[in-house]
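Take a look at the letters that make up each chain.
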Amino acid sequence: GRLRLALQRDGRRVAFWDYGPRGGKAVLVPHGTITGRTLPPGLVAALHRRGYRPVVPQRPGYGLTDLATGDYLDTAANDMAAILDTLRLKTSALLVRDDGVAAGLAFAQRHPARISAGLLINPRWPGHGVRSPETVMGAVTRAFVARPELVTVFSEMMRRQTRTELMSRIVRRSASHVAADREALDRPGVLTSMVRDIQAMAARGSHGFAQEQGLYARGWEPPALSGDAPWLVVECGP
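Throughout what follows, the structure given in this document is the object of discussion. (Residues numbered from 1 in each chain as written. Predicted model: local features only at pLDDT ≥ 70, side-chain atom pairs only at ≥ 80, totals over all residues. Heavy atoms only, no water.)

## Comments concerning the overall build of the protein chain
Counting its regular elements, the protein chain contains 9 helices and 7 strands. Burial statistics for the protein chain: of 238 residues in total, 47% are counted as buried. The contacts of the protein chain with a sequence gap of at least 6 include a subset with a gap of at least 24, amounting to 73%. (Helix = DSSP H or I, 4+ residues; strand = E, 2+ residues; numbered from the N terminus. Buried < 20%, exposed > 50% of the residue type's maximum accessible area, 1.4 Å probe, protein only. Contact = heavy atoms within 4.5 Å.)

## Regarding helix H9 (residues 207-218)
Taking 1.5 Å per residue, 12 residues should reach 16 Å; H9 reaches 16 Å between its end C-alpha atoms and fits that length. For H9, the set of buried residues is Gly208, Phe209, Ala210, Glu212, Gln213, Gly214, Tyr216 and Ala217. Directly after H9, the chain includes glycine 219, whose backbone phi takes a positive value near 110 degrees. (Expected span 1.5 Å × (residues − 1).)

## Describing empty space enclosed by the protein
Going through the model one piece at a time under the given rule, you end up with 1 cavity of 30 Å³ or more. Estimated volume of the largest cavity: approximately 40 Å³. In this structure, the largest cavity is lined by Ala108, Pro112, Ile115, Leu225, Ser226, Gly227, Asp228, Ala229 and Trp231. Of the residues assigned to the lining of the largest cavity, the class counts are 6 nonpolar, 2 polar and 1 charged. (1 Å grid on protein atoms, 1.4 Å probe; cavity = no way out; pocket = protein on both sides within 12 Å on 5 of 7 lines; lining within 4 Å. Points joined across faces, edges and corners; volume = space filled by probe spheres on them. Nonpolar A, V, L, I, M, F, W, Y, C, P; charged D, E, K, R; others polar.)

## Remarks on the sheet that holds strand S4 (residues 52-57)
The pairing of strands in a sheet comes from backbone hydrogen bonds and takes either a parallel or an antiparallel form. Pairing in this open sheet of 7 strands is mixed, and the strands run S1-S2-S4-S3-S5-S6-S7 from one edge to the other. Across the chains shown, the open sheet's two edge strands, defined by having one partner strand only, are strand S1 (2-7) and strand S7 (231-234). Taken over all neighbouring pairs, the strand axes of this sheet differ in orientation by 25 degrees on average, direction set aside. Pairing of strand S6 (residues 115-121) with S7 involves 4 bridges; the strand directions are parallel. Among the inter-strand pairings, leucine 120 is bridged to a residue of S7, identified as valine 233. Packing against the sheet, helix H2 (residues 72-86) makes contact with S1, strand S2 (13-18), strand S3 (25-28), S4 and strand S5 (92-97), and its axis sits at approximately 110 degrees to S1. (Pairing = 2+ DSSP bridges. Axes fitted to C-alpha atoms, helices over the stretch in contact; angles between N-to-C directions.)

## Observations concerning the pairing of S5
Of all 6 residues making up S5, 5 are buried, and the element is well covered by its neighbours. Bridge count between S3 and S5: 2 bridges; the pairing is parallel. Counted as the bridge partner of leucine 28 is leucine 94 from S5. Examined bridge by bridge, S5 and S6 share 6 bridges and lie parallel to one another. Paired with alanine 93 across the bridge in S6 is alanine 117.

## What to know about the packing of aromatic side chains
To describe a pair of aromatic rings, one takes the distance between the centres and the angle between the planes. A full pass over the atoms with the stated rule returns 2 aromatic pairs. For the pair tryptophan 17 and tyrosine 19, a centre-to-centre distance of 6.4 Å together with 25 degrees between the ring planes defines the contact as stacked. Look at tyrosine 19 and you get buried, because its relative accessible area is 15%. Between tyrosine 216 and tryptophan 220, the aromatic rings sit 5.6 Å apart at their centres with planes inclined by 65 degrees, giving edge-to-face as the arrangement. Taken individually, tyrosine 216 and tryptophan 220 each receive the classification buried, so the pair is uniform in this respect. Sitting over the ring of tyrosine 52, lysine 25 keeps its end group 4.4 Å from the ring centre. (Phe/Tyr/Trp six-rings, centres within 6.5 Å; stacked < 30°, edge-to-face > 60°. Lys NZ or Arg CZ within 6 Å of the ring centre and 35° of its normal.)

## Description of unusual backbone geometry
In this structure, the amide linkage connecting glycine 20 to the following residue, proline 21, adopts the cis form with an omega of -5 degrees. Position of proline 21 among the secondary structure elements: in the loop between S2 and S3. Notably, arginine 88 is not glycine yet its phi reads approximately 60 degrees, a positive angle. A positive phi angle is found at aspartate 98, which is not glycine, with a value near 30 degrees. Checked against the element boundaries, aspartate 98 lands in the loop between S5 and helix H3 (101-110).

## Re the environment of asparagine 122
Mapped onto the secondary structure, asparagine 122 falls in the loop between S6 and helix H4 (136-146). In this structure asparagine 122 comes out as buried when scored by relative accessible area, which is 19%. Between the alpha carbons of asparagine 122 and valine 233 there is a distance of 7.7 Å; along the sequence they are 111 residues apart. At 2.7 Å, the side chain of asparagine 122 forms a polar contact with the backbone nitrogen of cysteine 236. (Polar contact = N/O pair within 3.5 Å; in protein donor to acceptor, adjacent residues only side chain to side chain.)

Here it is, written out as structure tokens:
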């Protein structure tokens, strides 16, 4: 992939990975909670075989994307539109997973004519229910829901604990309850790639993570969508 930047009118920089090919059907693949800045080679190859051009936006405050200057979801939605403008693309498919659903649906609501199709994989829905509560992120999510005023402080504390050895242990622990995840982490290079991905997402600060987690902790409602794009929701069991 190629790391690229789109510029908003107010001067904000929006980072994204473009995996090409230029003539492929674009599909925006926003990252997950704290991983997904880059895509696994196997997924990229599978998308290429089917004629797609995967593009990974980095949401406001994550990675190399500048902070939101106003409403977080408005900024995230407009950032995705700016990426399509930079690539000179009118429309794109949208593949969103877990915590990226709020920003992804905000884009679909505000720019319905630019969505050709949508896919939600294990989306994080409103409410205080926690998916996989026995995992590290499950525990963090419970804490944020119970004490949303601590999201910012806790996020920065977590960011400062991204040493490679510690982060490797945290990733392994978070995957311990799913056999397929444990097996994936044993493949050469997978754990190293995930740890580097997390470190890069938080290299400039924890503000994006804090803003997004605060949004979920304080309540968020899926918007009503318009347009003719077909949508599919996939919920995976443990």
